[in-house]
Amino acid sequence: MAVIQGILNAQGNTIINAADMAVTATGAANQAVTLTLPAVVGKRHVITCIEIMRTATAALTGNATLVITTTNLPGSLAWSVGNAMVAGGTQRDVVLPLGHPLISSAANTNTTIVCPAPGAAVLWRVSAMFFLSD
């Protein structure tokens, strides 16, 4: 069983799961982006927050679906978002603060969040906050 770090209350219950690491990946316009939490020998990633956003320098119209996928997370976690964007817009597609952290499926393995090419003049910014556990 993974050991979860955090701040304990007087009864010894974890009330805040503390992340002491963060990774951000940013892409160029219309480029796929992969955020990678690097493998650490004998450790698993314990994710406390995921944020995935897009920005656009020009309008993008369309009805395509962008599928964001992951590796080394339970249930092959994925999200589907629409691709339309307004000029100069910023869109937060996934904002996932986790009161109960998400623990990677395997130790000593990269954990990734993979975003496809988002369309002309649009770029991704993907961030994850996490800590390591046995």
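Because the structure is predicted, anything quoted here is derived from the model rather than measured. Numbering of residues begins from 1 in every chain and follows the order in which that chain's sequence is written. In keeping with the model being predicted, local features are shown solely for residues with a pLDDT of at least 70 and side-chain atom pairs are shown and tallied solely at 80 or more, while totals for entire chains, interfaces and linings include all residues. Note: side-chain values were computed over all heavy atoms of the structure, leaving out hydrogens and water.

A. Quick peek at the overall build of the chain. Each helix is a run of H or I in the DSSP string that is no shorter than four residues. Each strand is a run of E no shorter than two, and both are numbered from the N terminus. A count of helical and extended segments in the chain gives 0 helices and 10 strands. In the chain, the succession of α and β elements from N to C terminus is β-β-β-β-β-β-β-β-β-β. Buried, partly exposed and exposed residues are distinguished by accessible area as a fraction of the type maximum, computed with a 1.4 Å probe on protein chains only: under 20%, between the cut-offs, and over 50%, respectively. Among the 134 residues that make up the chain, the fraction classed as buried is 37%. Contacts between residues were defined by any pair of non-hydrogen atoms, one from each residue, lying within 4.5 Å. Considering only intrachain contacts with a sequence separation of at least 6, the fraction spanning at least 24 residues in the chain is 79%. Here the Shrake-Rupley method, with its probe set to 1.4 Å, supplies the accessible areas, and only the displayed protein chains count as covering residues. About 6800 Å² of surface is accessible on the chain, with carbon and sulfur atoms providing 57% of the total.

B. Just the sheet that holds strand E4 (residues 33-37), in detail. Should DSSP find at least two bridges between two strands, the strands are taken to pair. Taken in spatial order, the 4 strands line up as E4-E9-E6-E7 in an open sheet, and their pairing is antiparallel. The sheet is open, and its two edges are formed by E4 and strand E7 (79-82), each paired on a single side. Across the sheet, the axes of successive neighbouring strands diverge by a mean angle of 15°, strand direction being ignored. To obtain each axis, a line is fitted to C-alpha atoms, and for helices this fit is confined to the stretch in contact; angles are then taken between N-to-C directions over 0 to 180 degrees.

C. Up close: the pattern of salt bridges. Only one rule defines a salt bridge in this text: a Lys or Arg side-chain nitrogen within 4 Å of an Asp or Glu carboxyl oxygen. Under the defined criterion, the tally for this structure stands at 3 salt bridges. The partner of Lys 43 in a salt bridge is Asp 134, with the nearest N and O atoms 2.6 Å apart. With Lys 43 in the loop between E4 and strand E5 (44-56) and Asp 134 in the segment after strand E10 (122-133), this residue pair connects regions lying 91 residues apart in the sequence. Glu 51 is the salt-bridge partner of Arg 92, the closest N and O atoms lying 2.5 Å from each other. Placement of the pair is Arg 92 in strand E8 (residues 90-103) and Glu 51 in strand E5, with a sequence separation of 41 residues.

D. Highlighting the sheet that holds E8. One open sheet accounts for 4 strands, arranged E3-E10-E5-E8; its pairing is antiparallel. The open sheet terminates on both sides in strands that have one partner only, identified here as strand E3 (21-26) and E8. On average, each strand axis in the sheet is inclined to that of its neighbour by 10°, with strand direction left out of account. Inspection of the sheet shows E5 paired to E10 by 12 bridges, in the antiparallel sense. Looking across to E10, one finds that Arg 44 is bridged to Ser 133.

E. Structural context of the nonpolar core. Joining through side-chain atoms within 4.5 Å is the link that ties buried Ala, Val, Leu, Ile, Met, Phe, Trp, Tyr and Cys residues into a set, and such a set is a nonpolar core. One finds Leu 35, Ile 47, Ile 52, Ile 68, Trp 124 and Val 126 to be the most contacted residues of the largest nonpolar core, which totals 22 residues. Counting residues per element, the ones that place at least two in this core are E3, E4, E5, strand E6 (65-71), E7, E8, strand E9 (111-115) and E10. Take this core: its biggest share by element is 4 residues, from E10. Ignoring sequence-local partners within four residues, the contact set of Val 126 consists of Val 23, Thr 24, Ala 25, Val 33, Leu 35, Glu 51, Ile 52, Ile 113 and Cys 115.

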